[in-house]
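Observations on the three-dimensional arrangement
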Amino acid sequence: MANVLELQGITKRFPGVLANDKIDIALREGKILALLGENGAGKSTLMNILYGLYKPDEGKIFVRGKEVEINGPNDAIELGIGMVHQHFMLIPVMTVVENVMLGVESIKNGLFLDREKVAKRIHEISEQYGLEVDPHAYIQDLPVGIQQRVEIIKVLYRSADILILDEPTAVLTPQEVEGLFKIINTLIKAGKSIIFITHKLKEVIAIADDISVLRLGRMVGSIEPSNATPQKLATMMVGRDVSLVVQKKVAEPKEAVLKVENLFVRDERQNMTVRGVSFEVRKGEVLGVAGVQGNGQTELVYALTGLLPVDGGTIELEGKMLHNATPRQILESGVAHIPEDRQRHGLILNFPIHDNMVLCTYYKEPFAHGVSLQEKPIFSNAEELIKQYDVRTPNIYVNVGTLSGGNQQKVIVAREFSRPIDLLIASQPTRGLDVGSIEYIHLQIIKKRDEGTGVLVVSSELDEILALSDRIAVMYKGQIMDVLDAKQATKEDLGLLMAGIHPEKTSKKK
Amino acid sequence: MSEKASKEKKEQTEKQKEQSSLRQALLVPVLAVLSGLILGGVVMALSGSNPFQAYAALFAGSFGSPSVIIAGMQTYFATGDNNALVRSLYPFTESLVTATPYIFTGLAVAIGFRAGLFNIGAEGQVFIGALCSAFIGYSIKGLPMIIHLPLALLAGAAGGAFWGMIPGYLKARFGAHEVVNTIMMNWIAFRLSDWLLKGPMQASNFRPVTPNVQASAELPRFFEDPLRFNLGFFLALLFAYLVYWFLFKTTLGFEIRSVGANPDAAKYAGMSIVKNIVLVMSLAGALAGLGGGAQVLGVDHWVGQGFSSGYGFDAIAIALLGKSHPFGVVLAALLFGFLRSGATNMQSMAGIPVDIISIIQGLVIVFVAAPAIIRWLYRIKSIKVEETVLTRGWGK
């Protein structure tokens, strides 16, 4: 079958970086091409070139056999190329119809928006591809999985037949992922061609027709899914053998370090997002909190670390009551926090590494005498930590913002682990990181556990929860659905719990 | 051996890095000033004046005329009479006198910027500081200078600090935006000073001015009249250094810069946003108040209506031009001092209105605020320079 899209020798340089180096890829008509690569491998650059946001320095683009020049998203759309971004480009306070027609509004009587016409068209698209959605619903009321459908409808509404899906499964539950895969299959049957960007190895093998792997801006190779194993793909991506399974001993939990009882928390918009949560974390164990994003996990962690006030209930750390304590009181009680949003909470991006390394301890000996900061210990502390935690940086004086995501996260891990701690709260500790960094950070977390620290890991990646946890709590709509023993937990059960369904209860009903 | 070598190498790269970052930091402001002067010259030429003549007059008015200085020196060496020499230094010292309040108020705005706060209230803080210093200066009599002068300065700082603290507290406690509140505090300060100068603090019934301060509260001058150059200038330099030390070498400064650069991370790290906002606004007010105090005690010796000619507003431009760094503020304040002081001469000598200086200042600000223009004009490759967060939007 013919190649519907072909890139030949695409090269793109940024000052000091070769983002894409003579990359060739080909998308066959009616097939799924998976583009696999770590962060910084050049996937996004390549897709932005394809979508007309960047101009390549060298190379040719062929669409349906004809060489084309793409100077902007409008050109791309005209050529039938549509992109579903990882971060949805939707306006929450508008309806599905309004979002879909945004930029290509249907007008009636020369002045008014023709919502009905668009709604009708959305209905047709929905039926044709199995993308059920209420055209008049407001985006903010829709679950993430449905919002993604709206994004896909948007692309189809502009009659794209080459779809680029950028990390489409990052925000979905396992069930929603299956739903997405069904939709993708329908699209393929209808003759669409799809580029699927991801770093999740198993998905690639499950769905792709062709796999291309990028590393450091270069094409490492193409492989057929039938020949691929997760291990093989990971090695191609990283360039060395990586362990995909976290090697860990059986946990030896001791007494509880953190006891949470009947906790209620409101989010910043005053919605009650944590509703009566109780659990405990014991020394020497990892308690994983699974759940689809936005089910109260973020607010739970904020309350535990003092970033949000507690509305009701208690938090007890080693006998000390810490609900509504200040962040500093909580830090000083021996709590380390790897925050969910490392650039918002975890780091000051335009401060140098050495200052970020003492962000929580700058006022203590030896980093300060009285009010006077002591540069020598601050510098030597940073030198030691970047060595110990393998932070790749030219020196400790560069701003943290210049580091890659993985190295930024290592700075946070180094800082938090260098204090004496009894409890580690790690929220989405490896979000957006590459396989190599994930391996490293997982090992560090398990090391802390084995030293006798209590660990609370919050993650929306089930693989991560399963890899790290000794017990797993599943959150749904602000409540803990159940706490499972990690050894007995299956992905299916967890997925159902994440969707608010109790597997045992439903099986009884059957 | 190898360790030593690597250490040396590290120190060397560190030095190089420092030098290049210093060059980077200076590049845009220097080019901005240059472009402002050139474009100002174009404006003068378009309006029918001779820019070269104008700039020569500006130079003579701000630095002094070299020939007059040399003549003064010759007289001094020949006869021992220093009168002519001292007079020849008048333009230069007067520029430094003009720069003094700019340094103080520039620091007051810059320290706010460092914490992500936009202190538009420096003008009002200057007024309150000046009135407080003047009051202590004229009302207390018979104190020795060593007590009276510091007390009068302290009063100015305290008054300014109080005036800055109010919007700081309103922001920290109620989230009221500091831009609105500092502007309102300005108006309160203006009207309050009008009332004080026509009432409780009025010297005589004729003019709305305060009595002269006691000699024991005056900042000592270094030369005889008409040279007004006084200790205030060195006090300003000292405070610039103190602000530098405070911001970059103390834990409190670390907190302030953290709150300014990323308040969420500062909160995460256990810093109190509320405490730091109130602290910074009080410090900013104290600096501006000191500026007002130094102007009264060193230069004017009394306060009248329209006492400040916009020191607190020009300060915003100075802080921007100085990239919110205390040393940058000193340089920018000197530039403004020389421009303002020389402008008068330019008007009398070359017949060019003082307002042309405002145009030049305005151009410089635009270039500094939009470095992309300068980069484009001079074809400078865009290198990612650390940008200080100036303020955040209305929402947070």
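If you're wondering where the values come from, they're calculated on a predicted model, not measured in any experiment.

Rules used throughout
Residues numbered from 1 in each chain as written. Chains lettered and ligands numbered in written order. Predicted model: local features only at pLDDT ≥ 70, side-chain atom pairs only at ≥ 80, totals over all residues. Helix = DSSP H or I, 4+ residues; strand = E, 2+ residues; numbered from the N terminus. Rg over C-alpha atoms; globule rule 2.2 N^0.38 Å. Buried ≥ 20, exposed ≤ 12 C-beta atoms within 10 Å, placed from the backbone. Contact = placed C-beta atoms within 7 Å. Pairing = 2+ DSSP bridges. Domains from an automatic or database assignment. Nonpolar A, V, L, I, M, F, W, Y, C, P; charged D, E, K, R; others polar. pLDDT = per-residue confidence, 0-100. Axes fitted to C-alpha atoms, helices over the stretch in contact; angles between N-to-C directions. Parallel < 35°, antiparallel > 145°, perpendicular 65-115°, else oblique. Left-handed = near helix turned anticlockwise from the far one by under 90°.

Quick notes on the overall build of chain A
- A tally of helices and strands in chain A yields 18 helices and 24 strands.
- Over its C-alpha atoms chain A spans a radius of gyration of 24 Å, differing by no more than 12% from the 24 Å that the globule rule assigns to 510 residues.
- Taken over the C-alpha atoms alone, chain A extends approximately 70 × 55 × 50 Å along its principal axes.
- Looking at the 510 residues of chain A, the share that counts as buried comes to 46%.
- Taking contacts inside chain A between residues at least 6 apart in sequence as the whole, the part at least 24 apart equals 68%.

A word on the overall build of chain B
- Counting secondary structure elements, chain B contains 16 helices and zero strands.
- In terms of C-alpha radius of gyration, chain B reaches 23 Å, essentially the compact-globule figure of 21 Å for 396 residues.
- Taken over the C-alpha atoms alone, chain B extends approximately 65 × 55 × 50 Å along its principal axes.
- For chain B, the residues scored as buried account for 49% of the 396 residues in total.
- Restricting the contact set of chain B to residue pairs at least 6 apart, pairs at least 24 apart contribute 78%.

Side note on the pairing of strand 18 (residues 335-338) of chain A
Residue and element names in this part refer to chain A.
- Burial along strand 18 is two-sided: the residues Val335 and His337 and Ala336 and Ile338 are all buried.
- By the bridge criterion, four bridges tie strand 18 to strand 21 (residues 423-427) in an arrangement that is parallel. Residue pairing for strand 21: histidine 337 is matched across the bridge by isoleucine 425.

What to know about the domain arrangement of chain A
Residues and elements named next belong to chain A.
- Per the domain assignment, the segments making up chain A are domain 1 (3-238), domain 2 (254-334 + 421-510) and domain 3 (344-419).
- Taken together, the nine residues of domain 2 in the interface contact seven residues of domain 3.
- At four residues, the largest contribution of residues to the side of domain 2 that touches domain 3 is made by helix 15 (residues 435-450).
- Here the side of domain 2 that touches domain 3 is built from residues that sort into four nonpolar, three polar and two charged.

Some words on the confidence of the model for chain B
Residues and elements named next belong to chain B.
- Averaged over all residues, the pLDDT of chain B equals 87, while 91% of them reach at least 70.
- Counted against residues more than four places away or in other chains, residues 383-396, with its pLDDT under 50, gives 18 contacts.
- Reported confidences for the modelled complex are a pTM of 0.80 and an ipTM of 0.83.

As for the sheet that holds strand 21 of chain A
Residue and element names in this part refer to chain A.
- The mixed open sheet is built from six strands, whose spatial order is 18-21-22-15-23-24. At either margin of the open sheet sits one strand with a lone partner, and together these are strand 18 and strand 24 (479-485). Averaged over neighbouring strand pairs, the angle between their axes works out to 15 degrees when direction is ignored.
- Packing of helix 15 onto the sheet brings it into contact with strand 15 (286-290), strand 21 and strand 22 (454-458), and relative to strand 22 it is tilted by some 150 degrees.
- Helix 17 (residues 491-498) rests against strand 15, strand 23 (471-476) and strand 24 of the sheet, and its axis sits at about 30 degrees to strand 23.

Digging into the sheet that holds strand 2 (residues 17-28) of chain A
Residue and element names in this part refer to chain A.
- Spatial strand order, 2-1-4-5: four strands in an open sheet with antiparallel pairing. Each of the sheet's edge strands pairs with one partner strand only, and the pair in question is strand 2 and strand 5 (66-68). Averaged over all neighbouring strand pairs, the angle between strand axes comes to 25 degrees, with direction disregarded.
- The pairing of strand 4 (residues 58-63) with strand 5 spans three bridges and is classified as antiparallel. For isoleucine 61, the partnering residue across the bridge sits in strand 5 and is valine 68.

What about the interface of chain B and chain A?
- Contact with chain B, which involves 17 residues of that partner, is made by 23 residues of chain A.
- Secondary-structure elements contributing two or more residues to the side of chain B that touches chain A are helix 1 (2-46), helix 10 (251-261) and helix 11 (263-268) of chain B.
- Ranked by residue count, the leading element in the side of chain B that touches chain A is helix 10 of chain B, at five residues.

Examining the packing of helix 7 (residues 145-174) of chain B against helix 8 (residues 178-198) of chain B
Residues and elements named next belong to chain B.
- At a closest axis distance of 9 Å, the pairing of helix 7 and helix 8 adopts a crossing angle of 150 degrees. When the axes of helix 7 and helix 8 are compared, the pair comes out roughly antiparallel. Considering how the two elements wind past one another, helix 7 and helix 8 form a crossing that is right-handed. Where helix 7 abuts helix 8, its residues Trp163, Ile166, Pro167, Leu170 and Lys171 lie against Glu178, Asn181, Thr182, Met185 and Ala189.
- Looking at the contact of helix 7 with helix 8 residue by residue, the classes come out as six nonpolar, two polar and two charged.

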